[in-house]
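Examining the three-dimensional arrangement
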Amino acid sequence: MKKRLATLVALPAALLVPAGAALAVSAGTFGAALHAVPHDHVADGGSNVTGQAALRLTGRQLDVRISATGLTPNETHAMHIHGVTTATNECPTIDADANTGDPIDPGTVVEGVPDGLISLSEGLPDYGPIDVSLTTRGPTGPRSGLDLERFIAADAEGAIEYHRSVTVPQDVAKNLDNLHIVIHGADLPGDADGSSQNSVFEATLPVACGEIDRITR
Ligand SMILES: [Cu+2]
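Just so we're clear, the structure is a prediction, and the values are computed from it rather than from any experiment.

1. Regarding the state of the cysteines
The full count for this structure, using the stated rule, is one disulfide. Linked covalently through their sulfurs, Cys91 and Cys209 form a disulfide whose S-S length is 2.1 Å. Residues Cys91 and Cys209 are joined through a disulfide that is left-handed, its torsion about the S-S bond being -85 degrees. Taken together, the residues span a long stretch of sequence, with Cys91 in the loop between β4 (79-82) and α2 (120-127) and Cys209 in strand β8 (residues 206-211) at a distance of 118 residues. A residue is classified by how much of its surface remains accessible, and Cys91, at 19% relative accessible area, is buried.

Here it is as structure tokens:
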């Protein structure tokens, strides 16, 4: 009887909470289909990374599962949630290949002449800054964005299966469906080192991108 009374007392209090406050705790499930970032197939060696992400949000806790194939095998791949939280962002199209001579492009770049690749900085206007670094251990903030040794390595077949629960900033939690997931890193045929890890350009090259959509509340 005592318990029931407590419930009856609690109910009116709940009704007094303004409607908007119900959204204060962000929650729901989200998904993203990861598609290859458009590149010239000669320039990127035929890279074709595809995958999917499944996200479950409870408050600021985000459970992230990502599977992808087609990655450079046996190498780590930086993965981030990107985007300006106050705007809807899109994955870049090949039009982003402006070759404005950004410092991350290789020495062979001819300013203004597209090289068939969308570099990290060329893609940034479309998919925005790093919001969350999907590392395997340690911090997950933007400053971990290029800590390659803490990102997942693809297996010998070029596949990844990532799972981690991360704490995300409030504005990321609230605007998750404005944002994207981007996977980086490709060994390009333009050099003979057989690795993406010796060059910032290759290690950060966006290879797959997927816009995050809400599935359930
Ligand atoms: Cu990124």
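Now, onward.
2. Some remarks on the nonpolar core
In terms of nonpolar packing, the biggest core is built from 37 residues, with Leu62, Ile66, Ile81, Ile160, Leu176, Ile183 and Ile212 touching the most fellow members. Looking at this core, the elements that each hand over two or more residues are β1 (27-36), β2 (50-58), β3 (61-69), β4, β6 (160-167), α3 (170-174), β7 (180-184) and β8. If one sorts the elements of this core by residue count, β3 sits on top with four residues. With residues near it in sequence (within four places) discarded, Ile66 still touches Leu34, Gln52, Ala53, Met79, Leu134, Ile160, Glu161, Tyr162, Ile181 and Ile183. The next biggest cluster of nonpolar side chains, apart from the first, holds eight residues, and it includes Cys91, Ala96, Tyr127 and Val182.

Criteria and cut-off values
Residues numbered from 1 in each chain as written. Predicted model: local features only at pLDDT ≥ 70, side-chain atom pairs only at ≥ 80, totals over all residues. Heavy atoms only, no water. Disulfide = S-S within 2.5 Å. Helix = DSSP H or I, 4+ residues; strand = E, 2+ residues; numbered from the N terminus. Buried < 20%, exposed > 50% of the residue type's maximum accessible area, 1.4 Å probe, protein only. Core = buried A, V, L, I, M, F, W, Y, C linked by side-chain atoms within 4.5 Å. Contact = heavy atoms within 4.5 Å.

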